[in-house]
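# Coordinates in review
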Amino acid sequence: MTSAAMPPFACDRCGACCRSLALHALYQPLDRGDGVCRHFDDASGLCAVYAERPLQCRIDAAYDAGLVGGLTRSEYHAATRAACDALRARTAPSPQQEGETGRVPGAT
Ligand code: SF4
């Protein structure tokens, strides 16, 4: 698939980025002190303020606001997908954790 044919980026609300704020300076103001966003609901694995989430958490709005430089929108979406995959792999629960909860933390 060419980059021109790539579908728009769609967040699946896995919560991996919300639990990895230490990896990017843009998200430091949201860090509750352990690398997890202060708006992340540990119980549900979802953003507690999703409808009003900050600009840096809105893919296309962040792009439109110029927070991302040097990439086309399609390149930005592709880079975001790649980052999501890497974060998911990094934050995946151990088989023991998955067995304890019966679900993947952050997954909807
Ligand atoms: S504001 Fe919401 S979407 Fe943004 S990092 Fe925090 S929990 Fe995630």
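Quick note: structure is the one above.
On a predicted model such as this, the values are computed, not experimentally measured, just so you know.

### Thoughts on the nonpolar core
For soluble globular proteins, nonpolar side chains are generally found buried alongside one another. Counting seven residues, the largest nonpolar core is built from Phe9, Ile59, Ala62, Tyr63, Val68, Tyr76 and Cys84. Broken down by secondary-structure element, the contributors of at least two residues to this core are helix H1 (59-64) and helix H2 (73-91). If one sorts the elements of this core by residue count, H1 sits on top with three residues. Judged by nonpolar contacts, the second largest core, of five residues, contains Leu30, Val36, Cys37 and Phe40.

### A closer look at the site of the ligand
Lining the immediate surroundings of the ligand are Cys18, Cys37, His39, Phe40, Cys47, Pro54 and Cys57. When grouped by side-chain class, the residues that make up the shell around the ligand number six nonpolar, one polar and no charged.

### Quick notes on a nonpolar patch on the surface
Residues Leu26, Leu55 and Leu67 make up a contiguous nonpolar surface patch of about 220 Å² in total accessible area. Note on placement: Leu55 falls in the loop between strand S2 (46-47) and H1. Classification of Leu55 by relative accessible area gives partly exposed; the value is 37%.

Basis of the calculations
Residues numbered from 1 in each chain as written. Predicted model: local features only at pLDDT ≥ 70, side-chain atom pairs only at ≥ 80, totals over all residues. Heavy atoms only, no water. Core = buried A, V, L, I, M, F, W, Y, C linked by side-chain atoms within 4.5 Å. Buried < 20%, exposed > 50% of the residue type's maximum accessible area, 1.4 Å probe, protein only. Helix = DSSP H or I, 4+ residues; strand = E, 2+ residues; numbered from the N terminus. Near = heavy atom within 4 Å. Nonpolar A, V, L, I, M, F, W, Y, C, P; charged D, E, K, R; others polar. Patch = residues over 30% accessible without salt bridge, like charges linked within 9 Å, V, L, I, M, F, W, Y side chains within 5 Å. Areas by Shrake-Rupley, 256 points an atom, 1.4 Å probe, with all protein chains shown as cover. Salt bridge = Lys/Arg side-chain N within 4 Å of Asp/Glu carboxyl O.

These figures capture arrangement, not role.
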